[in-house]
Amino acid sequence: MDAANQQKILGYFIEEAKEHLETLERGILELSSVIEDPERVNEMFRAAHSIKGGAAMLGYGSIQKTAHRLEDAFKVLKEHTLSVDRKLESLFLTGYDVLQDLIEHLQSPMGLQEEEADAIVSRSEPKFVELQDYLKQLLGGAVSAPRDEMLAVRTAPAKVSIAPQVKNLLMQMLQLFKQQDTPASRQQLRKICAGLAQLAPGEQGWQKLLKAADAAIANPRLSYRVLAPVVIKELKQGGDLLEMGKGSQIAITPELQQLVVAHSQAPQQITIALDPQAAAKTLLKVFNKQQISQIVQLLSAGS
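Residues numbered from 1 in each chain as written. Predicted model: local features only at pLDDT ≥ 70, side-chain atom pairs only at ≥ 80, totals over all residues. Heavy atoms only, no water.

**Observations regarding a negative patch on the surface**
Side chains of Glu-15, Glu-19, Glu-22, Glu-25 and Asp-97 sit close together on the surface and give a patch of like negative charge. Element by element, the count of residues in the negative patch is highest for helix α1 (residues 3–29), at four residues. Positionally, Glu-25 belongs in helix α1. Given the relative accessible area of 33%, Glu-25 is considered partly exposed. (Patch = residues over 30% accessible without salt bridge, like charges linked within 9 Å, V, L, I, M, F, W, Y side chains within 5 Å. Areas by Shrake-Rupley, 256 points an atom, 1.4 Å probe, with all protein chains shown as cover. Salt bridge = Lys/Arg side-chain N within 4 Å of Asp/Glu carboxyl O. Lys, Arg positive; Asp, Glu negative; His and termini not counted. Charge placed at Lys NZ, Arg CZ, Asp CG, Glu CD. Helix = DSSP H or I, 4+ residues; strand = E, 2+ residues; numbered from the N terminus. Buried < 20%, exposed > 50% of the residue type's maximum accessible area, 1.4 Å probe, protein only.)

**Re the packing of aromatic side chains**
All told, the structure shown has two aromatic pairs when counted by the stated rule. Ring centres 5.0 Å apart and planes at 15° place the aromatic pair Phe-74 and Phe-92 in the stacked group. Highlighted residues: Phe-74 in helix α4 (residues 61–79) and Phe-92 in helix α5 (residues 86–107), separated in sequence by 18 residues. Per residue, the accessibility class of Phe-74 equals that of Phe-92, and both read buried. Consider the rings of Phe-177 and Tyr-224, whose centres lie 5.3 Å apart with planes at 80°: the pair is edge-to-face. Of the two residues, Phe-177 sits in helix α8 (residues 163–177) while Tyr-224 sits in helix α11 (residues 224–243), which places them 47 residues apart along the sequence. (Phe/Tyr/Trp six-rings, centres within 6.5 Å; stacked < 30°, edge-to-face > 60°.)

**As for the pattern of salt bridges**
Between side chains of opposite charge, a pair can form as their charged atoms come close. Throughout the structure, instances matching the rule amount to nine salt bridges. Note that Lys-87 and Glu-130 form a salt bridge whose closest N and O atoms lie 4.0 Å from each other. Linking Lys-87 in helix α5 with Glu-130 in helix α6 (residues 114–138), this pair joins segments that are 43 residues apart in sequence. The class of Glu-130 is partly exposed, set by a relative accessible area of 29%. A salt bridge links Asp-181 to Arg-186; its shortest N-O distance comes to 2.7 Å.

**Quick word on the confidence of the model for the protein**
For the protein, the mean per-residue pLDDT works out to 80, and 78% of the residues sit at or above 70. For the stretch residues 142–159, pLDDT sits under 50, and the model shows 26 contacts to residues farther than four places along the chain or on other chains. (pLDDT = per-residue confidence, 0-100. Contact = heavy atoms within 4.5 Å.)

**Section: the packing of helix α3 (residues 38–58) against α8**
Two numbers describe a pair of packed helices, the interaxial angle and the distance between the axes. Between α3 and α8, the least distance of the axes is 9 Å, while the angle of their chain directions is 25°. Here α3 is positioned roughly parallel relative to α8, judged by the angle of their axes. Relative to α8, the crossing made by α3 is right-handed. Along the contact surface, α3 presents His-49, Ser-50, Gly-53, Gly-54, Met-57 and Leu-58, while α8 presents Pro-164, Gln-165, Asn-168, Leu-169 and Gln-172. Of the residues that constitute the contact of α3 with α8, the class distribution is four nonpolar, seven polar and no charged. (Axes fitted to C-alpha atoms, helices over the stretch in contact; angles between N-to-C directions. Parallel < 35°, antiparallel > 145°, perpendicular 65-115°, else oblique. Left-handed = near helix turned anticlockwise from the far one by under 90°. Nonpolar A, V, L, I, M, F, W, Y, C, P; charged D, E, K, R; others polar.)

**Here we look at the nonpolar core**
Formed by 43 residues in total, the largest nonpolar core has its most connected members in Leu-24, Ile-51, Ile-63, Phe-74, Leu-77, Phe-92 and Leu-99. Only α1, α2 (31–34), α3, α4, α5 and α6 provide two or more residues apiece to this core. Ranked by the residues each element gives to this core, the list is headed by α5, at nine residues. Non-local contacts of Ile-51, meaning those with residues more than four positions away in its chain, are made with Phe-13, Ala-17, His-20, Leu-21, Leu-24, Ile-63, Ala-67, Leu-99 and Ile-103. Counting 36 residues, the second-largest nonpolar core is a separate cluster that includes Leu-196, Leu-199, Leu-209 and Val-231. (Core = buried A, V, L, I, M, F, W, Y, C linked by side-chain atoms within 4.5 Å.)

See the structure below:
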């Protein structure tokens, strides 16, 4: 991925992360009342979850880990009823400040340096341990499992929105499809497929869809112009079904299946009957008008 596109993707992440930070800050400052509203608690959980996912895909482990720790704590609030006091609010704010600090460093001219990020995370670790311990104390020992064990209890896909992460990853995929076709860019596309698969590891239909998309992308005889309209459209529709709790309805369409089996066909036989305008329309709920225009240009090139 060239520096310009990498910077664009980083900009998308920072912009969304700042919005999620606002959600977290507002919720923590009003925690005593928010705790009575399951939807608002879930909103805070999703905000931390989205930052974690985006940071993981971009390789910012310090941000991923910090968001993960906050996500764990919000999960406790989602699953249990407890009373909020000043100490709990203070501990949540401390965790929030760490996440905000990391993202501000990422946005700075020098960026987020690994050594500096590791130091911030290391200094914050005792406070996150204290937060988990205090949550256990407030629950009277109800939360006795270690943090890693709690992570193993997955929420149903319909309850945790993956839409922001799907959008972010599809935007990254679009940028790559607009670039020159190289082994490196194809490898990045396959990594994005792997990241999308991790969003719902228990959904068999989603996993099969991502496996099919990965197989199509791995075939160097399939041009980006052929791949883009089918792959992005399929993943968008699959993500929508997951969001609606209809993961069982996800299926590989004939268009994608044709790409998967294309390795046994001569290159000139590979044709996909898909109108670029129709493909762009499918993505209207994910991308803004400028991005839709870029998709149309991409799919129309050389046609």
